[in-house]
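Tertiary structure, described
The chain contents come next:
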Amino acid sequence: MSPHPLHPLIYSLQALDPRQVLQASLRPVSVAAAPRPGLIVAGATGALGSEVLRRLAGSGGFAHTHVLAHEPMSTGLAQVTIAAVRGEDIAAWPVRPLPVQTGVVMFEPPRLYHDRERALWTPQPAQLPALAQWLRRCGVQTLVLVLPHAPGRLPQALRHGLASIDEQQVAALGFERVLLVRSAQKQLAPRCGSLPEKVAAWMLSALNYMIPAAAQPVRPARLAEFVEVVLRVLPPGIHVVAPELLWQAVQSPRMQDVVRAWLNTGQHSLAE
């Protein structure tokens, strides 16, 4: 009698230990992890830019991070590369070769005593529409804008909505998610030479105590943590973080609870 064509296979199955079969059936099936998005940062300068870059690049949520700079430089952070840009004509910049899905834009000027920061590129507020268009061409779907304002001087009507035509243009570019964080900017000490100027500056500084605590600047490290927490759970749409919400979140020991409560209220998103 000729051997059965599946005889070797049948023999090998019979030779298996039943315990091995049971152990194999109990092993969890490995699921391929979703690819992590890429990140691009414009304005990684100042105390705020440095903290946001360190926090997001070290969070493990991004496959790679591009930092815009106008001079070549090296970086000591893992998976962080310098994206050199030439000139101020943003429309002429080439699209980044590596895909990026998340963009963060900040406007804090570099600290002059940091040589590294002087090599980084920092946008001006007037460049926001052109920069947002370029980021959109690079494939960015989630855009985070940290928008500074003078403490206590942001009108009530603009705290929860789009404050300028530039912001309206950015919102109309077709990003999947837009997050505008309205953060009070720390005021620089005025340079006073003469005695009358120093006396006037001292008298005007008393007005700072009249600004509510919720309108005061927050620490850069906590603001960077807030951006990271929101990015984890941010739904599609246009979202504006008012200064009062930012202050409440950074004061809470459980920032994620404040963020989730804000998102659950239904008042966080603007109609596109």
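Whatever comes next refers back to the structure up there.
In what follows, the accompanying structure is described. (Residues numbered from 1 in each chain as written. Predicted model: local features only at pLDDT ≥ 70, side-chain atom pairs only at ≥ 80, totals over all residues. Heavy atoms only, no water.)

1. Some remarks on the packing of aromatic side chains
Under the counting rule described, the total for this entry stands at 2 aromatic pairs. Measuring from centroid to centroid gives 5.0 Å for W93 and W121, while their planes differ by 80°, and the two rings are edge-to-face. Placement of W93 in the loop between β3 (80-84) and β4 (102-106) and of W121 in the loop between α4 (115-118) and α5 (128-137) is noted, with a sequence separation of 28 residues between them. Among the residues examined, W121 registers a relative accessible area of 2% and is labelled buried. Consider the rings of W93 and W134, whose centres lie 5.2 Å apart with planes at 90°: the pair is edge-to-face. Highlighted residues: W93 in the loop between β3 and β4 and W134 in helix α5, separated in sequence by 41 residues. For the pair W93 and W134, a shared accessibility class is recorded, and that class is buried. Chaining the aromatic ring pairs together yields one cluster made of W93, W121 and W134. Against the face of F175 rests R136, its NZ or CZ located 5.7 Å from the ring centre. (Phe/Tyr/Trp six-rings, centres within 6.5 Å; stacked < 30°, edge-to-face > 60°. Helix = DSSP H or I, 4+ residues; strand = E, 2+ residues; numbered from the N terminus. Buried < 20%, exposed > 50% of the residue type's maximum accessible area, 1.4 Å probe, protein only. Lys NZ or Arg CZ within 6 Å of the ring centre and 35° of its normal.)

2. Some thoughts on the pattern of salt bridges
Counted by the stated rule, this structure contains 10 salt bridges. Measuring nitrogen to oxygen at the nearest pair gives 3.7 Å for the salt bridge that ties E117 to R116. (Salt bridge = Lys/Arg side-chain N within 4 Å of Asp/Glu carboxyl O.)

3. Focus: the packing of helix α9 (residues 243-251) against helix α10 (residues 255-264)
A pair of packed helices is characterised by two quantities: the angle between their axes and the separation of those axes. Across the interface, α9 lies against α10 with an axial gap of 7 Å and an inter-helix angle of 145°. Judged by the sense of rotation from one axis to the other, the crossing of α9 with α10 is right-handed. Facing α9, whose interface residues are L245, Q248, A249 and V250, α10 presents M255, V258 and W262. Split into classes, the residues belonging to the contact of α9 with α10 amount to 6 nonpolar, 1 polar and no charged. (Axes fitted to C-alpha atoms, helices over the stretch in contact; angles between N-to-C directions. Left-handed = near helix turned anticlockwise from the far one by under 90°. Contact = heavy atoms within 4.5 Å. Nonpolar A, V, L, I, M, F, W, Y, C, P; charged D, E, K, R; others polar.)

4. Side note on the packing of helix α8 (residues 220-233) against α9
Direction vectors running N to C along α8 and α9 enclose 100°, while the axes themselves pass 10 Å from each other. In terms of axis orientation, α8 runs roughly perpendicular to α9. Facing α8, whose interface residues are R222, L223 and F226, α9 presents L246, A249, V250 and Q251. Class assignment for the residues of the contact of α8 with α9 results in 5 nonpolar, 1 polar and 1 charged. (Parallel < 35°, antiparallel > 145°, perpendicular 65-115°, else oblique.)

Bear in mind that shape data such as this cannot, by itself, settle questions of function.
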